[in-house]
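What follows is the residue order along each chain.
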Amino acid sequence: MYLGLDLGTSGLRGILVDDAGRVVCDAEAEISTATPHPGWSEQSPADWIDACRKVVAQLREADSGAFAQLRGIGLSGHMHGATLLDKDGDVLRPCILWNDTRSAVEAQALDRIPDMRSVSGNIVFPGFTAPKLEWVRSHEPAVYSKTAKVLLPKDYLRFWLTGEYVSDMSDSAGTSWLDVGARQWSEAALALSHMRPDQMPELVEGSEPGGELRPALRQEWGLSGPVVIAGGAGDNAAAACGIGCINEGTGFLSLGTSGVLLVAREDYAPAPETAVHCFCHAVPKRWIQMGVILSATNSMNWLSRNLGQPVENLAASMPDALNQPSSIAFLPYLSGERTPHNDSVIRGAFLGIDIASDPTDLAQAVMEGVAFAMRDCLEALKSTGSSPDRLLVVGGGARSRYWVKALATILNLPLGLPDGSEFGAATGAARLAMCAAGDTNPGEIMKPPEVSEIIEPSSELVDAFENEYCRYRQYYSALAPLANR
């Protein structure tokens, strides 16, 4: 048996799979996020441990016999978070999360240093780890002076599981401290941001062993043999492993809290000027390119909250067939934007609201606005040489047939709906555990799922949405100077 643990922003999910990859049982535990100031987003690492204990307890209760056969654990987690530990391994402050924008000034300063982009292959975004430490250095010097190790969220969970400081290349690529092409820490990037190599964890590939479960936990969980902890992966690389996206040109679109358009590459192809993320994959000699928007289903959650209507009701109000483009434009920049704008200040907008506009009209506009933002990501990826001819679509937003039809038409690409639900980051983590335990290799286990349906673009509406996309692109240019005043 193999356990995949996915540490998400809102909770921890665990799935137990057998040696054929079949899911035996699964469990979840919620995790809360604190926002003590506007733009801040923090979590207590102790809550991750509590969530892990709850998930393991649920899995053992569901099938204690299966859990007792555990051979490996794979870890996935939200990227970029800064977990600061002192020399004794104690947490110094709450973890600063990926969607925290307090370090925008520090990110701009680091990004202006030419070597940072050339080494890391990426823009230094405010959500990345390096600018967070620069913010701590300036605003919390006492904490900064005690910082002996910086761990990413899933790697703090590993530290609790194993007692070892280890990370993998895919997750570490989002720190701005990794030489992404060479797949190792960059002493130059660390020095430019006032950090040292000894403050970094050891690096392993995601499919390689990254520690063993501590004897105390083995005893507590009723396990007799050794349990390998895989290197694991950042959440998107893990999802790519779960959906079988490891070979050149394969890709997927994820409609989750954020939106991700990811394509696997066999060569390192950075293009930071496009605001496309270029990270190591979780398997050796592979990389991933991603366009990322910060508010995908979160835009529908925002609309739901402010209209006082459940998201499910808003989605159900959409017709079966795709409408003509909405006369209302929605810009989904509720928390700023990454690809292609790298703008932490820009904010969202509705344009063209009429006195007759109703909740269904607003829901259509939000779905289309998110789809146009994903088209921005596709165009950015195309400019780097990535040109997928089909994508799988996953995430909570994929449950809306109307939204998937709009995406297929706006992207002008067929979108495949995977058969079943077990192909996310937790599945990818479990597959990495199987590799690390020595029972398989990535090419054998990381196969794409069967596709239950392919949603083709609505050919009669492609031109209409293309015209609307051209208008959408002009709105950012018009509004950005006002937001950045």
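This one's a predicted model, so the numbers in the text were calculated from it and none came from an experiment. (Residues numbered from 1 in each chain as written. Predicted model: local features only at pLDDT ≥ 70, side-chain atom pairs only at ≥ 80, totals over all residues. Heavy atoms only, no water.)

Peer 1: Just to check I follow, could you spell out helix H18 (residues 462–483) for this structure?
Peer 2: Helix length check: H18 (22 residues) gives 31 Å between terminal C-alpha atoms against 32 Å at 1.5 Å per residue, within 8%. Where H18 is buried, its residues meet strand S20 (329–331), strand S21 (349–351), helix H14 (359–382) and helix H15 (401–411). (Helix = DSSP H or I, 4+ residues; strand = E, 2+ residues; numbered from the N terminus. Expected span 1.5 Å × (residues − 1). Contact = heavy atoms within 4.5 Å.)

Peer 1: Even after reading the chapter, I still don't get the pattern of salt bridges, so can you show me in this structure?
Peer 2: Note that side chains of opposite charge can pair when their charged atoms are close. Considering all chains together, one arrives at 24 salt bridges under this definition. Ionic pairing is found between Arg13 and Glu28, a salt bridge with its closest N-O pair at 3.9 Å. Residue Arg13 is found in strand S2 (residues 11–17), and its partner Glu28 is found in strand S3 (residues 23–30); the two are separated by 15 residues along the sequence. Note that Lys382 is salt-bridged to Glu379, the shortest N-O span being 3.9 Å. (Salt bridge = Lys/Arg side-chain N within 4 Å of Asp/Glu carboxyl O.)

Peer 1: How should I be thinking about the sheet that holds strand S18 (residues 277–280) in this particular structure?
Peer 2: Strand pairing in a sheet is mediated by backbone hydrogen bonds. Such pairs are either parallel or antiparallel. The sheet built from seven strands is open, its strands ordered S18-S19-S17-S16-S22-S23-S24 with mixed pairing. Because the sheet does not close on itself, it has two edges, and the strands there are S18 and strand S24 (451–455). Direction aside, neighbouring strands of the sheet carry axes that sit 30 degrees apart on average. When strand S16 (residues 251–255) meets strand S17 (residues 259–265), the two strands line up antiparallel, connected through five bridges. When the sheet's bridge partners are listed, Leu253 is paired in S17 with Leu261. Of the strands in this sheet, S16, S17 and strand S19 (287–293) are in contact with H14, which crosses S19 at around 145 degrees. (Pairing = 2+ DSSP bridges. Axes fitted to C-alpha atoms, helices over the stretch in contact; angles between N-to-C directions.)

Peer 1: Mind showing me how you'd approach the packing of aromatic side chains here?
Peer 2: The geometry of an aromatic ring pair is captured by two quantities: the separation of the ring centres and the angle between the planes. Under the criterion given, the structure shown has 17 aromatic pairs. A centroid spacing of 6.1 Å and a plane angle of 40 degrees characterise the contact between Tyr268 and Trp287, whose relative ring orientation is tilted. Of this pair, Tyr268 sits in the loop between S17 and S18 while Trp287 sits in strand S19, placing them 19 residues apart in sequence. By the ring-pair criterion, three or more aromatic residues cluster together here, those being Trp48, Tyr156, Phe159 and Tyr165. (Phe/Tyr/Trp six-rings, centres within 6.5 Å; stacked < 30°, edge-to-face > 60°.)

Peer 1: Which parts of the structure should I look at to understand the nonpolar core?
Peer 2: What tends to happen in soluble globular proteins is that the nonpolar side chains get buried as a cluster. Counting 70 residues, the largest nonpolar core has Leu133, Trp177, Met195, Phe252, Leu262 and Met446 as the members making the most contacts within it. With eight residues, the single largest contributor to this core is helix H16 (residues 425–436). Those residues in contact with Leu262 that sit more than four places away from it in its chain are Asn236, Ala240, Cys245, Thr250, Gly251, Phe252, Ile288, Gln289 and Met290. Leu314, Leu322, Phe372 and Leu417 belong to the second-largest nonpolar core, a separate cluster that totals 55 residues. (Core = buried A, V, L, I, M, F, W, Y, C linked by side-chain atoms within 4.5 Å. Buried < 20%, exposed > 50% of the residue type's maximum accessible area, 1.4 Å probe, protein only.)

Peer 1: What should I look at first to understand empty space enclosed by the protein in this one?
Peer 2: Empty space among the atoms becomes apparent when a probe as large as a water molecule is rolled across them. Evaluation of the coordinates by the stated rule reveals two cavities of 30 Å³ or more. There is about 80 Å³ of room inside the largest cavity. What lines the largest cavity is simply Ser326, Ile328, Ala329, Phe330, Ala365, Glu368, Gly369, Phe372, Glu468, Tyr472 and Tyr475. Of all the elements in the fold, those that place two or more residues in the lining of the largest cavity are S20, H14 and H18. Here the lining of the largest cavity gets four residues from one element, more than from any other, and that element is H14. (1 Å grid on protein atoms, 1.4 Å probe; cavity = no way out; pocket = protein on both sides within 12 Å on 5 of 7 lines; lining within 4 Å. Points joined across faces, edges and corners; volume = space filled by probe spheres on them.)

Peer 1: Can you walk me through the pairing of S16 in this structure?
Peer 2: Every other side chain in a regular strand lies on the same face of the sheet, so the side chains alternate between the two faces. The element S16 is extensively covered by neighbouring structure, given that five of its five residues are classed as buried. By the alternation rule, side chains of S16 split into Gly251, Leu253 and Leu255 and Phe252 and Ser254, which are all buried. Linking S16 back to S17 in an antiparallel pair, the connection comprises three residues. Relative to strand S22 (residues 391–394), S16 is paired through three bridges, and the arrangement is parallel. Its bridge partner lying in S22, Leu253 is registered against Val393.

Peer 1: Which parts of the structure should I look at to understand the packing of helix H1 (residues 45–62) against helix H7 (residues 153–162)?
Peer 2: When two helices pack together, their arrangement is given by the angle between their axes and by how far apart the axes lie. Interaxial distance between H1 and H7 falls to 10 Å at its minimum, and their mutual angle equals 65 degrees. H7 is crossed by H1, and the crossing has right-handed handedness. Where H1 abuts H7, its residues Pro45, Trp48, Ile49, Cys52 and Arg53 lie against Pro153, Tyr156, Leu157 and Trp160. Here the residues of the contact of H1 with H7 are counted per class, giving eight nonpolar, no polar and one charged. (Left-handed = near helix turned anticlockwise from the far one by under 90°. Nonpolar A, V, L, I, M, F, W, Y, C, P; charged D, E, K, R; others polar.)

Peer 1: Teacher, can you tell me more about the state of the cysteines here?
Peer 2: Structurally, a disulfide amounts to a covalent bond that connects the sulfur atoms of two cysteines. Tallying each qualifying case throughout the model produces zero disulfides. Looking at the unpaired Cys470, the closest cysteine sulfur is the one in Cys377, lying at 17 Å. (Disulfide = S-S within 2.5 Å.)

Peer 1: Got a minute to help me understand unusual backbone geometry in this structure?
Peer 2: Leaving glycine out, the prevailing phi sign among residues is negative, and the prevailing peptide bond configuration is trans. Cis geometry is found at the peptide bond from Thr339 to Pro340, where omega equals 0 degrees. On the secondary structure map, Pro340 appears in the loop between S20 and S21. The backbone phi angle of Ala275 is positive, close to 65 degrees, even though this residue is not glycine. As for its position among the elements, Ala275 is in the loop between S17 and S18.

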